[in-house]
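Per-entry structural report
Letter by letter, the chains look like this.
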Amino acid sequence: MITLSFPSPAQPLLPPSSKTLNPSRQNIIPSSDSRKNPNFEPFKNSLIGQLDVGHLRHAISDVGFYRNEYCFTAMIRACSNAKYSWIGEIIYGYVLKTGYFEADVCVGCELIDMFAKSSGDLGSAYKVFEKMPERNLVTWTLMITRFAQLGSARDAIDMFLDMELSGYAPDRFTYSSVLSACTELGLLALGKQLHSRVIRFGLALDVCVGCILVNMYAKCTAYGLVDDSRKTFDRMPAHNVMSWTAIITAYVQSGECDKEAIELFCRMISGQIQPNQFSFSSVLKACGNLSNPYIGEQVYEYAMKLGLASVNCVGNSLISMYAKSGRMEDARKAFDILFEKNLISYNAIVDGYAKNMESEESFLLFNEIADTGIGINAFTFASLLSGAASIGAMSKGEQIHGRLLKEGFESNQCICNALISMYSRCGNIEAAFQVFDQMEDRNVISWTSMITGFAKHGFAARALEMFRKMLETGTRPNEITFVAELSACSHVGMVSEGWKHFNSMYEVHGIVPRMEHYACLVDLLGWSGLLVEAMEFINSMPFMADALVWRTLLGACRVHGNTELGKHAAEMILE
């Protein structure tokens, strides 16, 4: 245990200055007006060197002889980690007691950073901010940034507004942080307003701001449309690896533009921009989404040439790519050769086994994770529950449910959604509803999982009622919600209700219907005996109907004995 022993000042506690210091020590403890003291510079360099190599004990003893704001700033920075945070809190008390807190704004900034970085204690960080007698743009931006980075995006935006009311003009770092907060909360309208201001103040040319804007439009624009992200990217006067990686990641996250993401990656490397580990991670995810491990292996070979293959995020993406392509043997090899495995590595392989119907392997790995002491998070449990659901192993799912209750995850939204899906897919719809009913915080996935469960178990009326309640709570439905809703209408032959929901997709909710939505409506019309209307509807589609739509119509023709229309549907399937 390190014992801190700071000398107590003999004089009354006043902010340090040359007037309050003992004249005999003014050459040793310089004030802000005597920064060029030759005795101080060697000490400062020695202190920084001790902190850099982790000799905190020696540094602390030295501060007892040389006390000023620069020394305390360096000391506090050294305590910005979990190991030494308790020392930082003692230093905080000392600088408050002796008046050094008021001596320089940098001391307050370092204290804010210490509380945020060492333990994520934003409450204490904000208390430091409030106590600071003097604040500048850097102080405000630091507090906004830490709020945005540590999951308090709403507080970051509120603080940004307070900063402007206080008369400070944001800079590129401020805008980058508040735009990240808008992205986190999905506040596209506010993000667009800030974008216009960024342009007006001439900050749109900054690469960092541009990358944040690309990311914001990719994540906030509904249902994976990346047009605005691409426009922002194309308007940037110059690109570096950050901006290229941002647009590649945006295309991957959109859900349907993985081919374009790979093309952008090829453009990047042809333009002599060297990819980093995040570039490789994103493009490997794109290859996984396309189930194209052959391109992925070429990308990985390039990562090996650049010495980035051993980086965790690259190795983890390689595992996911093989898993999504159904090549679990290769995924396991990629996992086994990882030099340093983290929880994401384990989650990737566990999720891969679960989704490839090899749930027993995922359960064995779960025990291995527990033995390593790495820890288990919500994604681990969600993957295991998905594995149990995929093989209909409700007893295994119930065991996992019991384990996660012991771990304290019972109120986790992600896990509750996985439990709803697991119980529903295993046939226990009432257990699924019980989990849903006990949830304190529901999102669109929670509602959609429950609607889908009711629809698949033939409880169409309950599914439709659940959809109505979801809208009343202000939760916006997504594409999958409407697939479940249209399926529920089809189960009970509610044609007018189905038409109403289909038309409301774009008119009310701004969702462009996809092929599966058209197939659901064809199914509704066909099984209701309205085969001619179903055929007319197919002909009015804005794109060519795929085999799923024609198979749906063929099934309805078989039930209702319409040989002529069924023959046409069969011919279209063969084409």
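For clarity, every value in this text was computed on a predicted model and none was experimentally measured. (Residues numbered from 1 in each chain as written. Predicted model: local features only at pLDDT ≥ 70, side-chain atom pairs only at ≥ 80, totals over all residues. Heavy atoms only, no water.)

1. A look at the side chain of Thr 475
- Position of Thr 475 among the secondary structure elements: in the loop between helix H26 (460-472) and helix H27 (479-492).
- In terms of polar contacts, Thr 475 uses its side chain to reach the side chain of Thr 473, at 3.0 Å.
- When near neighbours in sequence (up to four residues on either side) are disregarded, Thr 475 contacts Asn 443, Val 444, Trp 447 and Met 470. (Helix = DSSP H or I, 4+ residues; strand = E, 2+ residues; numbered from the N terminus. Polar contact = N/O pair within 3.5 Å; in protein donor to acceptor, adjacent residues only side chain to side chain. Contact = heavy atoms within 4.5 Å.)

2. Some thoughts on the pattern of salt bridges
- Counted by the stated rule, this structure contains 15 salt bridges.
- Glu 430 is the partner of Arg 462 in a salt bridge, and the nearest nitrogen-oxygen pair spans 3.1 Å. With Arg 462 in helix H26 and Glu 430 in helix H24 (residues 429-438), the pair connects residues that are 32 residues apart, well separated along the chain.
- Here Arg 468 and Glu 472 are joined by a salt bridge, their closest N and O atoms 2.2 Å apart. Taken together, the residues span about one helical turn, with Arg 468 and Glu 472 both in helix H26 at a distance of four residues.
- Overall, the relative accessible area of 38% leaves Arg 468 in the partly exposed class.
- Residue classification places Glu 472 among the exposed residues on the basis of a relative accessible area of 57%.
- Taken together, the shared-partner salt bridges connect Asp 113, Lys 117 and Arg 146 into one network. (Salt bridge = Lys/Arg side-chain N within 4 Å of Asp/Glu carboxyl O. Buried < 20%, exposed > 50% of the residue type's maximum accessible area, 1.4 Å probe, protein only.)

3. Let's talk about the packing of aromatic side chains
- Per the stated rule, a full pass over the model turns up 21 aromatic pairs.
- With a centroid separation of 6.2 Å and 50° between ring planes, the pair formed by Tyr 126 and Phe 147 is classed as tilted. Linking Tyr 126 in helix H6 (residues 122-131) with Phe 147 in helix H7 (residues 137-149), this pair joins segments that are 21 residues apart in sequence.
- Sitting over the ring of Phe 335, Lys 341 keeps its end group 5.1 Å from the ring centre.
- Here the guanidinium or amino end of Lys 396 rests over the ring plane of Phe 363, the centre of that ring lying 4.9 Å away. (Phe/Tyr/Trp six-rings, centres within 6.5 Å; stacked < 30°, edge-to-face > 60°. Lys NZ or Arg CZ within 6 Å of the ring centre and 35° of its normal.)

4. Looking at helix H8 (residues 153-165)
- Taking 1.5 Å per residue as the helical rise, H8 with its 13 residues ought to reach 18 Å, and the 19 Å between its terminal C-alpha atoms agrees with that figure.
- Buried within H8 we find Ala 153, Ala 156, Ile 157, Met 159, Phe 160 and Met 163. Angular distribution of buried residues about the axis of H8 spans 160°; they occupy a single face of the element.
- Buried residues belonging to H8 abut H6, H7, helix H9 (172-185) and helix H10 (188-200).
- Looking one or two places after H8, you find Gly 167, whose phi comes out positive at around 95°. (Expected span 1.5 Å × (residues − 1). Arc of directions from axis to C-beta.)

5. As for the nonpolar core
- Counting 116 residues, the largest nonpolar core has Ile 247, Ile 349 and Leu 553 as its most contacted members.
- Other than its neighbours up to four places away in sequence, Ile 349 contacts Ile 319, Met 328, Ala 331, Arg 332, Phe 335 and Leu 365.
- Membership of the second largest hydrophobic core comes to 44 residues, among which are Met 114, Ala 125, Val 128 and Ile 144. (Core = buried A, V, L, I, M, F, W, Y, C linked by side-chain atoms within 4.5 Å.)

6. Here's the deal with the confidence of the model for the protein
- Taken as a whole, the protein shows an average pLDDT of 82; of its residues, 83% reach a score of 70 or greater.
- Within the protein, no element has a lower average pLDDT than helix H1 (residues 40-52), which sits at 50, and none a higher one than helix H15 (residues 277-289), at 94.
- In the model, residues 1-40 has pLDDT below 50 throughout and makes 59 contacts with residues more than four positions away in sequence or in other chains. (pLDDT = per-residue confidence, 0-100.)

7. A short note on unusual backbone geometry
- Residue Gln 272 is not a glycine yet carries a positive backbone phi of 65°.
- Along the chain, the position of Gln 272 falls in the loop between helix H14 (258-270) and H15.
- Given the relative accessible area of 71%, Gln 272 is considered exposed.
- For Ser 291, which is not a glycine, the phi torsion comes out positive at approximately 50°.
- On the secondary structure map, Ser 291 appears in the loop between H15 and helix H16 (293-305).

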